[in-house]
Amino acid sequence: MAEIVLDKVTKRYPDGAIAASEVDINIADGEFIILVGPSGCGKSTTLNMIAGLEDITSGELRIDGARMNERAPKDRDIAMVFQSYALYPHMSVRENMAFPLRLAKVPDATVKQKVDEAAKVLDLTQHLDRKPSNLSGGQRQRVAMGRAIVRSPKAFLMDEPLSNLDAKLRVQMRTSVSKLQKQLGTTTVYVTHDQTEAMTLGDRVVVLRGGFVQQIGSPQFLYEQPANLFVAGFIGSPSMNFFPATLAENKLASSLGEIALTDRLRRVLEGGKAQRDVIVGVRPEHFEDAALLDEATKATGVTFQAQVDVLESMGSDKYAYFTVEGKQAESSELAELAVDAGASDVPESGSQVVTRLSAASAAQEGAACDIWFDPDKVLLFDPSSGANLTYTG
Amino acid sequence: MAMIGVATTRRKIQWSFLDLLVVVYALVPVLWIVSLSFKSKETLNDGNFIPREWSIQNYVDIFQTNEFVRALFNSIGIALISTFIAVVIGTMAAYAIARLDFPGKRVLIGVSLLVAMFPQVSLVSPLFEIERALGLFDTWPGLILPYVTFGLPLAIYTLSAFFKEIPWELEKAAKMDGATPAQAFRKVIAPLAAPGVFTTAILVFILTWNDFLFAISLTSTEASRTVPAALSFFTGASQFEDPKGTISAAAVVITIPIILFVLFFQRRIVAGLTSGAVKG
Ligand SMILES: Nc1ncnc2c1ncn2[C@@H]1O[C@H](COP(=O)(O)OP(=O)(O)OP(=O)(O)O)[C@@H](O)[C@H]1O
Ligand SMILES: [Mg+2]
């Protein structure tokens, strides 16, 4: 149990690369915190600095108020689960799990009892005498967890612990990790670049970009109130749709049509007098098939017509993909997100829109469809700074 | 189905035949030596493959001559010391090559490759002169020196290949589990590296054990002559005796450690020992 504080922690690698810049995170005792961000944003580096596997260039790391910068990993009383599991191949499962206890010179009887206990929790009892190489991926993952929990450390650090598992097992292990952490109440820092893990596991999520903390908050808060374009585009799956728009005469002219300013939007745009460019962000679930709505509701929002490129029926709802004419929203943040998502096949002209419609929708692939969205739900961003203009934090 | 069955059977027969041919080709001379070594003096030249009269007299004889016993002692001592030195230095060099990025790493690898390729015979006369001048000629260090030189590249190559296979994340994991760097090395890295070091040691040992060129050119007396060189000086008990039998017996004796090593070493190198540490 411990409180972990990162105070302006910076990491500069010998080759000059800056992997973390003035990272400030206060992790409360017993909290489950997620570090998330695209590849190369400094998640592992930050975690390794907490672990003591990487030196801290400047700033301070405190655990329970005590400065940790100069302490060796073994003196920090922190356990780590690696992406590759890092099980000792020459030791049996039992020896693997007992290893930290043996190093701590715990008496044999206690070691046996603790390992048996952990094995029971993780459902590994019948595998205790096998070698890691004879285990399945999920079992290896559990051994790695077991090795971390046996000695009841102050904190757990996990670096993408589930990313080597197949999709189904990952979902299963995700729930057990979450349950285990709740049961033990141990402070946990968890690195992932999986959307779902970030949203479902943590008490709070830290979004990193190029070594800078973008925003820290509960998953729901980050979803509803992203601080900037980057967080908005990163959190949520499928991700938020962005369109360029121009503000003039109390209206937003966008490629989806004219959006009349609601009170909320007018407030953030300071009355909406001055002409300016903004980026409009709309979540897929804020769209609806106009045919399903009554006239009164329809009148409160914006309706546009487009041709359905692809329709995916998920049973509970339908995902409809459109291409909307007009320019694409441009910003460095969006470009970076596109690279991370591996999206290089974006249409030449117009922008792709993902919408989540009710299952009752009659939309068909290749056919035109009227789509409605609620202007009160849209977010507005400043194209140059990327800041969320609608942020009310 | 039937066609495939026929084809594979025919294939099996073809391969078995080829394998047999290779084995016979390789083993006949060895068996011939073994056969010669067990023949009595009278039947030595009868040309029979299987001795008509079995005798271990040749073995008794060689162990009674100081010439052979002393050479065997030299061989064992020199090979062990050279192997030890080459493996210790090689382990450090290979560790650096596998783990660290340092200036001149490529040059080091290049130079060691160069040494391995170097025609040994062109070094014999300069070494002869140098060792005579330094007083190393016909001493143990005089042979250990070139053996370490040529054993090192071999050691560096095999060991760095082994070290690259070790998942170094294990070292980090051990540190997180509370190990000091020394403990991490002793309890995690060393057990994983051991088979590699052992294999390398055997390869270097065989290299030095089998050497004839340096052994014959850099020695002149029993003080440092190893078995391969001593064999060529074997004479019979009397000048009229044919030394063929004793030479064969000596050859068999020095082959035994190699055979033992190879058998032992096949079991020791557990393939995929490190697999299972990484990924799922
Ligand atoms: N040993 C190193 N020397 C120099 N630069 C490094 C080193 N390790 C990482 N970096 C750089 O630091 C940055 C952050 O790396 P880090 O491994 O923390 O990323 P990450 O967020 O964990 O990414 P991923 O999701 O791919 O694991 C990267 O730009 C990387 O190139
Ligand atoms: Mg990483």
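Residues numbered from 1 in each chain as written. Chains lettered and ligands numbered in written order. Predicted model: local features only at pLDDT ≥ 70, side-chain atom pairs only at ≥ 80, totals over all residues. Heavy atoms only, no water.

Engineer: For this particular structure, what's the right way to read the UniProt feature "transmembrane region" (unreviewed entry) in chain B?
Structural biologist: Residues and elements named next belong to chain B. As recorded in UniProt, the feature "transmembrane region" (unreviewed entry) lies at residues 20-38, 71-95, 107-128, 140-163, 184-209 and 247-265. Across residues 20-38 one finds 95% helix and 0% strand; the C-alpha atoms that close the span lie 25 Å apart. As annotated, residues 71-95 comprises 100% helix and 0% strand, and the C-alpha atoms at either end are separated by 35 Å. (UniProt positions renumbered as here; feature names shortened; annotations may be inferred. Helix = DSSP H or I, 4+ residues; strand = E, 2+ residues; numbered from the N terminus.)

Engineer: Is there a simple way to explain the packing of helix H5 (residues 121-134) of chain B against helix H6 (residues 140-165) of chain B in this structure?
Structural biologist: If you want to describe how two helices pack, look at the angle between their axes and the distance between the axes. Residue and element names in this part refer to chain B. Taken N-terminus to C-terminus, the directions of H5 and H6 make an angle of 140°; their axes are 11 Å apart at the nearest point. In terms of axis orientation, H5 runs oblique to H6. At the point where H5 passes H6, the crossing takes the right-handed sense. Every residue of H6 that contacts H5 at Leu123, Leu127 and Glu131 is listed here: Gly142, Leu145, Pro146 and Phe150. Residues belonging to the contact of H5 with H6 are distributed by class as follows: five nonpolar, one polar and one charged. (Axes fitted to C-alpha atoms, helices over the stretch in contact; angles between N-to-C directions. Parallel < 35°, antiparallel > 145°, perpendicular 65-115°, else oblique. Left-handed = near helix turned anticlockwise from the far one by under 90°. Contact = heavy atoms within 4.5 Å. Nonpolar A, V, L, I, M, F, W, Y, C, P; charged D, E, K, R; others polar.)

Engineer: Sorry if this is basic, but what is going on with the nonpolar core here?
Structural biologist: In globular proteins that are soluble, nonpolar side chains generally tend to be buried together. Residue and element names in this part refer to chain A. Of all hydrophobic cores here, the largest spans 53 residues; its most connected members are Ile34, Met97, Val115, Tyr190, Val207, Phe242 and Phe381. Built from parts of two domains, this core gets at least three residues from each of domain 1 (4-234) and domain 2 (241-381). With near-sequence residues (within four places) excluded, phenylalanine 242 lies in contact with Leu229, Ala232, Gly233, Ile279, Val280, Gly281, Ala329, Leu334, Ser351 and Phe381. One finds Ala20, Ile25, Leu35 and Ile63 within the second-largest nonpolar core, a separate group that totals 49 residues. (Core = buried A, V, L, I, M, F, W, Y, C linked by side-chain atoms within 4.5 Å. Buried < 20%, exposed > 50% of the residue type's maximum accessible area, 1.4 Å probe, protein only. Domains from an automatic or database assignment.)

Engineer: For this particular structure, what's the right way to read the interface of chain B and chain A?
Structural biologist: Many structure descriptions define interface size as the accessible area lost when the parts assemble. Each side of the interface is counted separately: chain B has 24 residues, and chain A has 26 residues. In this assembly, chain B and chain A are joined by one salt bridge. For A:Arg147, the salt bridge goes to B:Asp177, with nearest N and O atoms at 3.4 Å. Our count for the chain B to chain A interface comes out at seven residue pairs in polar contact (both at pLDDT 80 or more). When residues in the side of chain B that touches chain A are grouped by element, the largest group, seven residues, is from helix H7 (residues 169-176) of chain B. Here the side of chain B that touches chain A is built from residues that sort into 11 nonpolar, seven polar and six charged. (Salt bridge = Lys/Arg side-chain N within 4 Å of Asp/Glu carboxyl O. Polar contact = N/O pair within 3.5 Å; in protein donor to acceptor, adjacent residues only side chain to side chain.)

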